[in-house]
Amino acid sequence: MEIVGLGLHFEDLPLGRKFRTTGRTITEADLINYINCLGLVEVLFTNAEFRARDSDIKGRLVPGMLAYGMAEGLLVQATMQHTGLAFLHMELDIKAPIFVGDTIHAEVEVIEARPSKSRPGRGLVRTRNHVVKQDGTIAITYTPLRMVKCKETP
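(A) Quick look at the side chain of Asp 30. As for its position among the elements, Asp 30 is in helix α1 (residues 28–38). On the accessibility criterion, Asp 30 (15% relative accessible area) is buried. Not counting residues within four places of it along the chain, the set of residues in contact with Asp 30 comprises Arg 24, Thr 25, Leu 66 and Met 70.

Laid out in structure tokens, this is it:
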């Protein structure tokens, strides 16, 4: 019986392939759960008076790590089940703030794809991922390098 919801294999991720995920709205509950779980109780995220009086960024700001993590969750659900084997490296750039109520999605382009020399049946895939807000603003750009399973040969 076919299993649905499985991820993309190395062969499904050729150089230049582009796709996007579905969207996800960041809620107040997401922010509270995240900052409390990590102990990230910085005044930017917990003190409305500080934000109103002393912060250059106004509004219910969320940590960039939260938005990045949600983008990764959207990607895992859509592309990596059973095929994503290792997260090896990443560069990340925060370009714009993200707030409670923003809806984000990830736009992905494969910028490197090569078979692993040391691990047969594996490929290395680097993507350029943009975390995009509902108004089209690119808020985060990151470039993960992942080890991905190849399709089984008959």
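Anyway, onward from the coordinates.
(B) View of the packing of aromatic side chains. According to the stated counting rule, one finds one aromatic pair in the structure shown. Taking the centre distance of 4.9 Å and the plane angle of 90° together, the rings of Tyr 68 and Tyr 142 count as edge-to-face. Placement of the pair is Tyr 68 in helix α4 (residues 64–80) and Tyr 142 in strand β7 (residues 138–142), with a sequence separation of 74 residues.

(C) A look at the environment of Arg 17. Turning to its location among the elements, Arg 17 is positioned in the segment before β1 (18–20). Along the backbone, Arg 17 and Thr 127 are 110 residues apart, and their C-alpha atoms lie at a distance of 9.3 Å. Ignoring sequence-local partners within four residues, the contact set of Arg 17 consists of Leu 8, Asp 12, Val 108, Glu 109 and Val 110. Side-chain polar atoms of Arg 17 contact the backbone oxygen of Asp 12, separated by 2.6 Å.

Conventions used here
Residues numbered from 1 in each chain as written. Predicted model: local features only at pLDDT ≥ 70, side-chain atom pairs only at ≥ 80, totals over all residues. Heavy atoms only, no water. Helix = DSSP H or I, 4+ residues; strand = E, 2+ residues; numbered from the N terminus. Buried < 20%, exposed > 50% of the residue type's maximum accessible area, 1.4 Å probe, protein only. Contact = heavy atoms within 4.5 Å. Phe/Tyr/Trp six-rings, centres within 6.5 Å; stacked < 30°, edge-to-face > 60°. Polar contact = N/O pair within 3.5 Å; in protein donor to acceptor, adjacent residues only side chain to side chain.

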